[in-house]
Amino acid sequence: MPVGSRRVVVGAHYGLRDWIVQRATAVVLLAYVVLLAVMVALARPIDYDAWASIFVPATMKIATLIAFVALAYHAWIGMRDIWMDYVRPTAIRLTLQLVTILWLAGCLVWAAMILWKV
Amino acid sequence: MSAKRVIRNISIGDLVRYKLPVPGVLSILHRISGAVMFLALPALLWLFDASLRSEVGFGQARAIAGHVLVKIVLTGLAWALLHHLCAGVRYLALDLDLGLDRMASRRSSWIVFAVSLALTAWAALAVFGVI
């Protein structure tokens, strides 16, 4: 394996953890999608009051935020895998990974702001 | 190490005749649908924000979602979610060593396509206001 300035930029020890986290977050997201679908079905017909009242209870805000955290982590692992598979130049790959993190972190903060305005 | 030799086990010409099996199609669509949702996230959050902001914002979100091009995009995103979700459940089953042999994995791939496309058709009817 090349060392020094030609070092291959890969880590160690995070593979299995990410593999498990991607599956754990998948289960969280699956549960949340089912929960939200049930909430929407029960609130039909959907007008503004019915829609907003779904996200008023603190429990639903917390559940939704947890789902967004799971989504951000899940999407990070998936997108990082895509960049690792298709983008060979290290500088470009690391830039794309950084943009991915900023993109997801921004979405996560925005989601929290939306939720706590309701 | 002198001249580098590129070693391929198939030639470029073979690629034309090389057909991806159904689980392979499911797999690449799982990846594509995930990437599509990742890219669509800010747009969906914008709609989410507007719809929860106020009665007026809800009306604006509904008006935007009422445009025919947006309806097509929303139907596409519904497919992305449903394919990703159904294929994901199949992967979780595979991780539990369920349905690993070739015939079972092909059959479960067809089931994923059938279920996710049926649910997408239902979502499309809802998006286009038929039901």
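Starting from 1, residues in each chain are numbered consecutively following that chain's sequence as written. Chains and ligands are labelled sequentially in the order written, the chains with letters from A and the ligands with numbers from 1. In view of the model being predicted, local features appear only for residues whose pLDDT reaches at least 70, and side-chain atom pairs are presented and counted only at 80 or more, with totals across whole chains, interfaces and linings using the full set of residues.

**So, the overall build of chain A**
No. 1: The helix and strand tally for chain A stands at four helices and zero strands.
No. 2: Going along the chain from the N terminus, every DSSP run of H or I of four or more residues is numbered as a helix, and every run of E of two or more is numbered as a strand. Mapped from its N terminus to its C terminus, chain A presents α and β elements in the order α-α-α-α.
No. 3: Nonlocal contacts in chain A, meaning residues at least 24 apart in sequence, comprise 68% of its contacts between residues at least 6 apart. Once C-beta atoms have been placed from the backbone, residue pairs whose C-beta atoms lie within 7 Å are recorded as contacts.

**Concerning the overall build of chain B**
No. 1: Scanning chain B for helices and strands turns up five helices and zero strands.
No. 2: Starting at the N terminus and ending at the C terminus, chain B contains elements arranged as α-α-α-α-α.
No. 3: Against the compact-globule benchmark of 14 Å for 131 residues, chain B has a radius of gyration of 20 Å, which places it well outside the compact range.
No. 4: With C-beta atoms placed from the backbone, the exposure class of a residue follows from how many other C-beta atoms lie within 10 Å of its own: 20 or more, buried; 12 or fewer, exposed; in between, partly exposed. The buried share of chain B, reckoned over its 131 residues, is 21%.
No. 5: Pairs at least 24 apart in sequence give 70% of the contacts found in chain B among residues at least 6 apart. Each radius of gyration reported is based on C-alpha atoms, and the globular scaling rule is 2.2 Å times the count of residues to the power 0.38.

**Description of the packing of helix H4 (residues 90-115) of chain A against helix H2 (residues 22-53) of chain B**
No. 1: Angular values range over 0 to 180 degrees, each being the angle between N-to-C directions of two axes fitted as lines to C-alpha atoms, with helices fitted over their stretch in contact. It is at 10 Å that the axes of H4(A) and H2(B) come closest, and there the two elements cross at 10°. As judged from the angle between their axes, H4(A) and H2(B) are roughly parallel. Across the interface between the two elements, A:Cys107, A:Trp110, A:Ala111 and A:Ile114 of H4(A) pack against B:Leu41, B:Pro42, B:Leu45, B:Phe48, B:Asp49 and B:Leu52 of H2(B).
No. 2: Residue classes in the contact of H4(A) with H2(B) are distributed as nine nonpolar, no polar and one charged. In this scheme, roughly parallel covers angles under 35 degrees and roughly antiparallel covers those over 145, while 65 to 115 is roughly perpendicular and the rest are oblique. Gly counts as polar in this scheme, as do all residues outside two lists: the nonpolar Ala, Val, Leu, Ile, Met, Phe, Trp, Tyr, Cys and Pro, and the charged Asp, Glu, Lys and Arg.

**Some words on helix H4 (residues 68-95) of chain B**
No. 1: Each helix should span, by expectation, one fewer than its residue count multiplied by 1.5 Å. Here H4(B) contains 28 residues, and its C-alpha end-to-end distance of 40 Å stays within 8% of the 40 Å for a straight helix at 1.5 Å per residue.
No. 2: Taken residue by residue, H4(B) has B:Leu74, B:Trp79, B:Ala80, B:Leu81, B:Leu82, B:His83, B:His84, B:Leu85, B:Cys86, B:Ala87, B:Gly88 and B:Arg90 as its buried positions.
No. 3: In this structure, the buried residues of H4(B) make contact with helix H1 (15-43) of chain A together with H2, helix H3 (55-65) and helix H5 (102-127) of chain B.
No. 4: Positive phi appears at B:Asp97, one or two residues downstream of H4(B), with a value of about 65°.

**Structural notes on H2(B)**
No. 1: Taking 1.5 Å of rise per residue, 32 residues should cover 46 Å, and H2(B) covers 44 Å from first to last C-alpha, within 8% of that figure.
No. 2: Roughly 50° is the biggest bend found in H2(B), and it falls at B:Ala40, with proline B:Pro42 one to four residues downstream.
No. 3: Buried within H2(B) we find B:Leu26, B:His30, B:Ser33, B:Gly34, B:Phe38, B:Leu41, B:Ala50, B:Ser51 and B:Leu52.
No. 4: Buried residues in H2(B) make contact with helix H2 (48-54), helix H3 (58-86) and H4 of chain A together with H3, H4 and H5 of chain B. Consider a residue and the seven residues that end there alongside the seven that start there; fitting an axis to each set, the bend is the angle between those axes.

**Examining unusual backbone geometry**
No. 1: The residue after A:Arg44, namely A:Pro45, is reached through a cis peptide bond having omega 0°.
No. 2: Backbone geometry places B:Asp97, a non-glycine residue, at a positive phi of 65°.
No. 3: Looking at the element boundaries, B:Asp97 is found in the loop between H4 and H5.
No. 4: What makes B:Asp97 exposed here is the crowd of 7 C-beta atoms within 10 Å.

**Remarks on the environment of B:His67**
No. 1: Note on placement: B:His67 falls in the loop between H3 and H4.
No. 2: Measuring from C-alpha to C-alpha, the distance between B:His67 and B:Val130 comes to 15 Å, with 63 residues separating the pair along the chain.

**A short note on the interface of chain A and chain B**
No. 1: With 18 residues of chain A at the interface, the matching set in chain B holds 17 residues.
No. 2: Taken together, the elements giving at least two residues each to the side of chain A that touches chain B come down to H1, H2, H3 and H4 of chain A.
No. 3: Looking at the side of chain A that touches chain B residue by residue, the classes come out as 15 nonpolar, one polar and two charged.

**Quick notes on the nonpolar core**
No. 1: Linking buried Ala, Val, Leu, Ile, Met, Phe, Trp, Tyr and Cys residues through C-beta atoms within 7 Å yields a set, and such a set is a nonpolar core. The biggest cluster of nonpolar side chains holds 17 residues, and the ones touching the most others in it are A:Leu29, A:Ala67, A:Phe68, A:Leu71, A:Ala72, A:Ala75 and A:Trp76.
No. 2: Contributions of two or more residues to this core are made by H1, H3 and H4 of chain A together with H2 of chain B.
No. 3: When residues in this core are grouped by element, the largest group, eight residues, is from H3(A).
No. 4: Counting residues in hydrophobic clusters, the runner-up holds nine residues, among them B:Trp79, B:Ala80, B:Leu82 and B:Ala87.

**Here we look at the confidence of the model for chain B**
Residue and element names in this part refer to chain B.
No. 1: Every residue carries a pLDDT, the predictor's confidence in it, which falls somewhere between 0 and 100. Model confidence for chain B is summarised by a mean pLDDT of 92, while 98% of its residues fall at 70 or above.
No. 2: No element of chain B has a lower mean pLDDT than helix H1 (residues 14-17), which averages 78, and none a higher one than H4, which averages 97.
No. 3: Two numbers describe this predicted complex: its pTM, 0.87, and its ipTM, 0.86.

**Some thoughts on the packing of H2(B) against H5(B)**
Residue and element names in this part refer to chain B.
No. 1: Relative orientation of the contacting elements H2 and H5 amounts to 45°, with a least axis distance of 8 Å. With respect to each other, H2 and H5 are oriented oblique. Handedness of the crossing formed by H2 with H5: left-handed. Contacts between H2 and H5 involve Val22, Pro23 and Leu26 from the former and Ser105, Arg106, Ser109, Trp110, Val112 and Phe113 from the latter.
No. 2: By residue class, the composition of the contact of H2 with H5 is six nonpolar, two polar and one charged. By definition, any crossing whose near helix is turned counterclockwise from its far helix by less than a right angle is left-handed, and any crossing with a clockwise turn is right-handed.

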